[in-house]
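Residue-level structure breakdown
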Amino acid sequence: MQLVPEYREDLERVERFNLVARVTHWGHTVTFLLCLFTGLVLFVDGADWLAAIFGGYGGAGLIHRIAAVFLTLFIVFFVVFDFKGIINWIKDLLRFGKNDIIFVMKFPLEFLGFPVKIPPQTRFNGGEKGNSMVTPTMVILLVISGYIMWFPSIFPAGLVRVAYPTHDIAMVFATLMVCMHGYLGSFHPGSGESFWGMWKGTVRKDWAQHHHAIWYEETYANKDKEEEA
Amino acid sequence: MAYMTNLYDSSKCTACRGCMIACKEWNQLPAVMEPFKGNYSTHDDTNGDTFTIIKFMEEEDPVDGIRWNFIKFNCFHCLDPACMKVCPQQAYSKTEWGATIHDPDKCIGCQYCTYACPFHIPKYRKREDKITKCTFCADRVAEGLTPACARTCPANALKFGDRAELLAEAEERVKFLRTNGFPRATIYGKLELGGLNNIYVLTDTPDKFGLPVDPHIPKQIPFWQDWVQPWLGWLIPLALAGSATSFVTTRILANKHAGHEEPGEHVERGHE
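Each value, and the rule that gives it
- Residues numbered from 1 in each chain as written.
- Chains lettered and ligands numbered in written order.
- Predicted model: local features only at pLDDT ≥ 70, side-chain atom pairs only at ≥ 80, totals over all residues.
- Heavy atoms only, no water.
- Contact = heavy atoms within 4.5 Å.
- Buried area = accessible area lost by both parts, 1.4 Å probe.
- Polar contact = N/O pair within 3.5 Å; in protein donor to acceptor, adjacent residues only side chain to side chain.
- Helix = DSSP H or I, 4+ residues; strand = E, 2+ residues; numbered from the N terminus.
- Nonpolar A, V, L, I, M, F, W, Y, C, P; charged D, E, K, R; others polar.
- Phe/Tyr/Trp six-rings, centres within 6.5 Å; stacked < 30°, edge-to-face > 60°.
- Lys NZ or Arg CZ within 6 Å of the ring centre and 35° of its normal.
- Salt bridge = Lys/Arg side-chain N within 4 Å of Asp/Glu carboxyl O.
- Buried < 20%, exposed > 50% of the residue type's maximum accessible area, 1.4 Å probe, protein only.
- Pairing = 2+ DSSP bridges.

**Re the interface of chain A and chain B**
Of the residues lining the interface, 53 residues belong to chain A; the matching set on chain B comes to 44 residues. Surface buried jointly by chain A and chain B totals about 4500 Å² across both partners, of which 63% is contributed by carbon and sulfur atoms. Among the residues chain A hides against chain B, the three largest losses belong to Leu42, Arg161 and Tyr164 of chain A. Together they make up 16% of the total. Inspection of the region where chain A meets chain B yields 12 residue pairs in polar contact (both at pLDDT 80 or more). Only helix H1 (19-43), helix H5 (98-112), helix H7 (157-184) and helix H9 (205-211) of chain A provide two or more residues apiece to the side of chain A that touches chain B. In the side of chain A that touches chain B, the residues fall into 32 nonpolar, 13 polar and 8 charged.

The structure is reproduced here in structure tokens:
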């Protein structure tokens, strides 16, 4: 059984994510998952076996903090080296409109594998826009509340008290999105090609035209015309 | 078994600090030196190696002049303790006579309890990476002895006994104090937080002793512990189950609809 669609070098490909975005993405994949599993030892009751993997609760706590620092550094890395990319990303999220709403409404059927017709999408479709809004927001909340809990003595006690539930809530929503995102970005047959967009940086031209028609038009259509001319 | 309580009477306390020493000795706690801060208190607050302290509070009143209030400050052994509620390792437990005790073997040093406690009592002991606090000398009481602090008090300001009996005694004492020069005398620990297992007779309002007048467990704690922690987390397995369902159904439907499709060529349908 094929899990992820084949990477087709023979077909024409277009760039979807630059190197900085990809490094940030995969850096966050590793650090987020490390933080998640070392953090779950406190969230899930009786997770002694999970803590044991990281060398007990002390080890899990240490790994959690190290991974958290690197997670923060990847955010800084992204901001420093591709600030324009972040701005463009946010700009695209702000284009959330009718087509995105239709996408989100029809998506459950698509999710299960029924054929559906979906209106043209911008660089990020309705679902990706939702993920792009929720996950980073939650991660920022996690980072802020995390450092407050790490250094409670330099913050007001009231803030520390709020940080604990905030960290838990943000963790649940971030993980929820990460689960869906991980599946949709890889094993879901319709969206699997986007995996290569994040791994190798390019996607098939025909896939881009079909899945992100507006983005393709705006980004590559002019170049196509120039080439033809 | 009925609740067993310490009754502390601030009108009798001479601030000799014998209880602090007895506590240190029984619990084998090393001395913690702190610099002089301009008053008689040895410590501002309890710490990982100091379970009980005597606070000296100077109080200037326009009518009464200067008043010097003493209070023995330590864990109040709440009847419904917040520390026990938030602890992810169930390190806290209540003894049948009402002491809130903490098991260091279960503790992982997360300090959730420190910030849940309305009195900020559980303290982090860095050298062991664990929380410590007053044990109410549960080990002594189990052997029929009284807690070390109550045992040593020379002024009879500290008395260990049945909670109901001591409450009655405290009420009598406060009535006496109110008619004998302490009109604002009050009991602390009878109603606060639904009852504390340490009863205080105070010669003035609690705020004059550095205690919260109306202590409460921060509202986010029941929300966090009763809703977020047990229920919200189920969204994660739900997402995983949804993905697993989709993984199966997409592949079944793909086989049904499009036998001619090349593997990986799902562009006709796919959309994420």
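**Section: the packing of aromatic side chains**
If you walk through the whole model with that rule in mind, you get 33 aromatic pairs over all chains. Sitting above the plane of the Phe124 of chain A ring, Arg16 of chain A keeps its charged end 5.6 Å from the centroid. The side chain of Arg140 of chain B reaches across the aromatic face of Trp26 of chain B, ending 4.8 Å from its centre.

**As for the pattern of salt bridges**
Under the defined criterion, the tally for this structure stands at 24 salt bridges over all chains. Between Arg16 of chain A and Glu128 of chain A there is a salt bridge, with the nearest N and O atoms lying 3.7 Å from each other. Here the residue Arg16 of chain A occupies a position in the loop between strand E1 (13-15) and H1, and Glu128 of chain A occupies one in helix H6 (residues 126-150), the gap between them amounting to 112 residues. For Glu128 of chain A, a relative accessible area of 12% corresponds to the buried category. Linking Asp49 of chain B and Arg125 of chain B is a salt bridge whose minimum nitrogen-to-oxygen distance equals 3.0 Å. With Asp49 of chain B in the loop between helix H1 (18-26) and strand E2 (53-61) and Arg125 of chain B in strand E6 (residues 123-125), this residue pair connects regions lying 76 residues apart in the sequence. Under the relative-accessibility criterion, Asp49 of chain B is labelled buried at 11%. Judged by relative accessible area, Arg125 of chain B falls into the buried class, the value being 12%. Residues joined in a network through salt bridges with shared partners are Asp61, Asp64, Arg67, Arg184 and Asp204 of chain B.

**Remarks on the pairing of strand E8 (residues 158-162) of chain B**
All names here are of chain B. Of all 5 residues in E8, 4 are buried, a share of seventy percent or more. As defined by bridge partners, strand E1 (residues 4-9) adjoins E8 across 5 bridges and the pair is classed as antiparallel. From the neighbouring strand, Thr5 faces E8, where its bridge partner is Gly161.

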